[in-house]
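A structural walkthrough
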Amino acid sequence: MRFIFKTTYDRDIDLFEDNWNRIKIALLIVVMALLPFTASEYYLAEATNTLIWALAGMGLMLLVGHSGQVSLGHAAFLAIGAYANVALMNVGVPFVPAFIAAGIITGVFGAVIAIPAIRMSGIYLAIATLALFVIVEEIVILAEPITGGIGGIFAPEITILGVSFERYAALPNFYWLCLTTVVLVTIGYANLLRSPTGRAFLAVRDSEVSARALGINVARTKTLAFGLSCAVTGLAGALMGHALSFINYEAFSIFISINLLLVVTIGGLGFIQGAFLGAILITGLPQLLSILRDVSGVDTSAFPGFETLIFAAILLIFIIYEPMGLYGRWLKTRTFFDLFPLCRRDMFRRQKSYLKTERMR
Amino acid sequence: MAGTETSLLTVTDLSISFGGLKAVDGISFDVEPGEVFTIVGPNGAGKSTIFNLISRFYQPSSGRIVFEGRDITGLSAHQIAPLGIARTFQNIELFDHSTVLSNLLMGRHAHRRTSWVEDMLFLPRVRAEERAHRRRVEEVIEFLELEAYRTKLIAGLPYGVRKVVEIARALATGPKLLLLDEPASGLSVEESQDVAFWIEDMKKDMGLTILMVEHDMNLVAQVSDRVLAVANGRPLAQGSSAEVQSHPAVIEAYLGTSATSKVPA
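Here is a short report on the structure shown in this document. Here the structure is a predicted model, which is why all the values come from computation and not from measurement.

A closer look at the overall build of chain B
- Scanning chain B for helices and strands turns up 10 helices and 10 strands.
- Against the globule reference of 18 Å for 265 residues, chain B gives a C-alpha radius of gyration of 19 Å, in line with a compact fold.
- Within chain B, residue pairs in contact and separated by at least 24 positions form 65% of the contacts whose partners lie at least 6 positions apart.

Thoughts on the overall build of chain A
- When you go through chain A residue by residue, the secondary structure sums to 15 helices and four strands.
- For 361 residues, the compact-globule formula gives about 21 Å, and the C-alpha radius of gyration of chain A, at 21 Å, lands near that figure.
- The dimensions of chain A, computed from C-alpha atoms along their principal axes, are 55 × 50 × 45 Å.
- Expressed as a percentage of its 361 residues, the buried residues of chain A come to 43%.
- Relative to all contacts within chain A whose residues are 6 or more apart in sequence, the contacts with residues 24 or more apart total 74%.

Remarks on the pairing of strand 4 (residues 62–67) of chain B
Residue and element names in this part refer to chain B.
- Relative to strand 4, strand 1 (residues 9–18) runs antiparallel, the two sharing five bridges. Looking at strand 4, one finds that serine 15 is bridged to serine 62.
- Pairing geometry for strand 4 and strand 5 (residues 70–71), over two bridges, is antiparallel. Note that in strand 5 the partner of valine 66 across the bridge is aspartate 71.
- Here strand 4 folds back onto strand 5 in antiparallel fashion, the turn holding two residues, of which glutamate 68 has a positive phi close to 50°.

Quick word on the sheet that holds strand 1 of chain B
All names here are of chain B.
- Reading across the sheet, the four strands line up as 2-1-4-5 and stay open at both edges, with antiparallel pairing between neighbours. Whereas interior strands pair on both sides, the edge strands pair on one side only; in this sheet they are strand 2 (21–31) and strand 5.
- Sheet contacts for helix 1 (residues 47–54): strand 1, strand 2 and strand 4; angle to strand 2, the most-contacted strand, approximately 65°.

Quick look at the interface of chain B and chain A
- The partner chain A presents 32 residues to the 38 residues of chain B that form the contact.
- Element by element, the count of residues in the side of chain B that touches chain A is highest for helix 4 (residues 124–143) of chain B, at five residues.

Remarks on the sheet that holds strand 8 (residues 209–213) of chain B
Residues and elements named next belong to chain B.
- Read from one edge of the open sheet, six strands run 6-7-8-3-9-10, paired in mixed fashion. Where the open sheet ends on each side, the last strands, each with one partner, are strand 6 (85–87) and strand 10 (234–239). For this sheet the average axis-to-axis angle between neighbouring strands, irrespective of direction, equals 15°.
- Where helix 6 (residues 189–204) meets the sheet, it contacts strand 3 (36–40), strand 7 (177–181) and strand 8, and its direction lies at approximately 150° from that of strand 8.
- Along the sheet, helix 9 (residues 248–255) contacts strand 9 (226–231) and strand 10; its crossing angle with strand 10, the most-contacted strand, is approximately 130°.

Here's the deal with the pairing of strand 7 of chain B
All names here are of chain B.
- With five of its five residues buried, strand 7 lies for the most part within the structure.
- As paired strands, strand 7 and strand 8 are joined by five bridges and run parallel to one another. Within strand 8, the position partnered with leucine 180 by the bridge is methionine 212.
- Once you follow strand 7 into helix 6 and on to strand 8, the crossover reads as right-handed.

Observations concerning the environment of arginine 70 of chain B
- Relative to the assigned elements, arginine 70 of chain B resides in strand 5.
- Spatially, the C-alpha atoms of arginine 70 of chain B and histidine 111 of chain B are 20 Å apart, while their sequence positions differ by 41 residues.

With respect to the packing of helix 4 of chain B against helix 5 (residues 159–172) of chain B
All names here are of chain B.
- Where helix 4 meets helix 5, the axes come as close as 9 Å, and the angle between the chain directions of the two elements is 140°. Here helix 4 runs over helix 5; the crossing is right-handed. Contacts from Arg136, Val137, Val140 and Ile141 of helix 4 reach helix 5 at Ala168, Leu171 and Ala172.
- For the contact of helix 4 with helix 5, the per-class residue count stands at six nonpolar, no polar and one charged.

Some words on the environment of alanine 170 of chain B
Residues and elements named next belong to chain B.
- Along the chain, the position of alanine 170 falls in helix 5.
- Residue classification places alanine 170 among the buried residues on the basis of 26 C-beta atoms within 10 Å.
- Remark: the alpha-carbon pair of alanine 170 and histidine 111, spanning 59 residues in sequence, is separated by 13 Å.
- What alanine 170 contacts, discounting residues up to four positions off in sequence, is Ala86, Arg87, Thr88, Gly107, Pro175 and Leu178.

Points about the nonpolar core
- Grouped together as the largest cluster of nonpolar side chains are 178 residues, with contacts concentrated most on Ile52, Leu55, Met58, Leu78, Ala79 and Leu235 of chain A together with Ala168 of chain B.
- If we ignore the near neighbours within four places in the chain, the residues touching methionine 58 of chain A are Val185, Thr186, Tyr189, Val232, Ile272 and Ala275 of chain A.

Observations concerning helix 6 (residues 122–142) of chain A
All names here are of chain A.
- Over its 21 residues, helix 6 extends 31 Å from the first C-alpha to the last, a length consistent with the 30 Å expected when each residue adds 1.5 Å.
- Listing the buried residues of helix 6 in full gives Leu125, Thr129, Leu132, Phe133, Val136 and Val140. In an axial view of helix 6, the angular spread of the buried residues amounts to 110°, which keeps them on one side of the axis. Exposed side of helix 6, more than 90 degrees from the buried face: Ile123, Tyr124, Ala131, Val134, Ile135, Glu138 and Leu142 are the residues found there.
- Elements in contact with the buried residues of helix 6: helix 4 (74–90), helix 5 (95–117), helix 7 (144–147) and helix 12 (254–267).

Points about the packing of helix 12 of chain A against helix 15 (residues 325–339) of chain A
Residue and element names in this part refer to chain A.
- Two elements in contact, helix 12 and helix 15, have axes whose closest approach is 3 Å; the angle formed by their N-to-C orientations is 15°. Of the possible angle classes, the one that applies to helix 12 and helix 15 is roughly parallel. Listed contacts from helix 15 to Thr265, Ile266 and Gly267 of helix 12 are Gly325, Leu326 and Tyr327.

Concerning unusual backbone geometry
All names here are of chain B.
- One non-glycine residue with positive phi stands out, namely glutamate 182, at about 50°.
- In this fold, glutamate 182 is placed in the loop between strand 7 and helix 6.
- Judged by the 21 C-beta atoms lying within 10 Å of it, glutamate 182 is buried.
- A positive phi angle, near 50°, is found at asparagine 232, a position not held by glycine.

A word on helix 8 (residues 171–193) of chain A
- Compared with the 33 Å implied by 1.5 Å per residue over 23 residues, the 33 Å span of helix 8 of chain A between its first and last C-alpha is a close match.
- Among the residues making up helix 8 of chain A, those that are buried are Phe174, Tyr175, Leu177, Cys178, Thr181, Val182, Val185, Tyr189 and Leu192 of chain A.
- Buried-residue contacts for helix 8 of chain A involve helix 2 (19–38), helix 3 (41–66), helix 9 (196–206), helix 11 (218–244) and helix 13 (272–296) of chain A together with helix 3 (116–121) of chain B.

A few points about the environment of leucine 105 of chain B
- Here leucine 105 of chain B shows up in helix 2 (residues 100–106).
- You can call leucine 105 of chain B buried: it has 24 C-beta atoms within 10 Å.
- Sequence separation between leucine 105 of chain B and phenylalanine 67 of chain B is 38 residues, and the spatial gap between their C-alpha atoms is 25 Å.
- When neighbours within four sequence positions are excluded, leucine 105 of chain B is seen to be in contact with Arg199 of chain A together with His133 and Val137 of chain B.

Here is what the cut-offs are and how they apply
- Residues numbered from 1 in each chain as written.
- Chains lettered and ligands numbered in written order.
- Predicted model: local features only at pLDDT ≥ 70, side-chain atom pairs only at ≥ 80, totals over all residues.
- Helix = DSSP H or I, 4+ residues; strand = E, 2+ residues; numbered from the N terminus.
- Rg over C-alpha atoms; globule rule 2.2 N^0.38 Å.
- Contact = placed C-beta atoms within 7 Å.
- Buried ≥ 20, exposed ≤ 12 C-beta atoms within 10 Å, placed from the backbone.
- Pairing = 2+ DSSP bridges.
- Axes fitted to C-alpha atoms, helices over the stretch in contact; angles between N-to-C directions.
- Right-handed = clockwise from strand over helix to strand, strands pointing away.
- Left-handed = near helix turned anticlockwise from the far one by under 90°.
- Nonpolar A, V, L, I, M, F, W, Y, C, P; charged D, E, K, R; others polar.
- Core = buried A, V, L, I, M, F, W, Y, C linked by C-beta atoms within 7 Å.
- Expected span 1.5 Å × (residues − 1).
- Arc of directions from axis to C-beta.
- Parallel < 35°, antiparallel > 145°, perpendicular 65-115°, else oblique.

In structure tokens, the structure reads:
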């Protein structure tokens, strides 16, 4: 077992607790950056898809995992990001400013939505965001000059400083674009979590009453969480639009919202790593199933809904047996080997606390 | 009894009713700087409601709350902590899924000077602030002897420790006035002795003013400078702990009318 001996407060403030962690993350980024040289076009496209899902997952994780608000309407924010990006590029804005603006527009939209939405919580908020999704879907169909209506719209080609970042023509470039975005957002996210803003999110999630007593403006904090979550989701939406290269209202269906919720719950609520693990599972599972299909020779396409069944079963298994998600499972496994043979079964068991102040509203 | 110019907290004629029930009905008192002022009373007397009124969770139907000469009756709950008023909760309201350390750091929120943009970029200023917060939090940890629990999650801690963390988090806000809502409830005799010593130390060494609600009369007698007894939202008696405990109206409220004649004053 490694024991980290800390001599300054900076060791606790730093993003990585020691050099070993720094090296591991650096290695991961290098391997990811070198992927276009080793992986085939098919797997590179899959990796790009996973990165985009991880980005969208981080957006939802910030809201659900860290500030404790549920959203069933995040596909709407993906759509807003995608359409804002495409619309800006179609009027001649270069990709980079259009991409950043798409994030900001979606973020501001989310923050405005949050003003009425934060008065709700739990199931009511879920229904409200679901209703929002339906409204946005209708607007997408009605706003034909911008979105192409039911017919849809093609994403313009991405060029940055004359170099093509097109999804098909220059896939490695597009992959690196996604990777860079994901790395930057992850750093910003991790920074937030180690600073007062991130602690305020956690405080609001765990006890609004205490948060207020400590001087945290709950409404402002929730609005900020909503806005930031939507901004990140908007960025993911913009990239998703380019990855699909053709988008219409069906591209961002309610199933995307549900899949995003699966990403954060199966990945592990409250961990950035969870968004990545969840994205790998959600994007990798259909591939795994099709590989199994080829290997086993059983044609599952004869059973419509088979994949959905597998997804649902996995979700149920996780909710019942591993509420902390994939990342929680990883933490438990690591602790088991770290402490071997001293790990106890109930080390991670949640202690129920039945004493809670009657909510003051 | 309108407070004098020097009072830290002056509460005048405070009332609130829930539906037809007058939970607090015309309570007035003032807390002088550096004293321990305790509110006692039977269950449902309105003690915690007074706390919730002062920390602005409830809006009084009438009355005024003045802190350091400033009327705080119209402020929101989140504007109270930056003024220097911190509170604990009777039924422990900690952030269960965070460590003791980050719970205490959340207590420093009222002192944050950085915006979320700076936080996201983690500018050098943010790091400097974090160090300063941590230094303050470590002082609190040392004072309340929480070193062993620093990195433990709240969810796994025993009740007694949580109770102390609750006080620690309030102290981390750097208050002038500390509201303790039943700090000794559910604690063992030794643990409530510790709480008594800490209250004395907070008063003498840190110069804090403490407003406390407590049932444990031993603790009340040990630490309180002045005691206010309330029942059914009305004030019964005010004075030293011994005076209040022997006051006929207080005995009547606790034991019933016929008891008055049998208990020697």
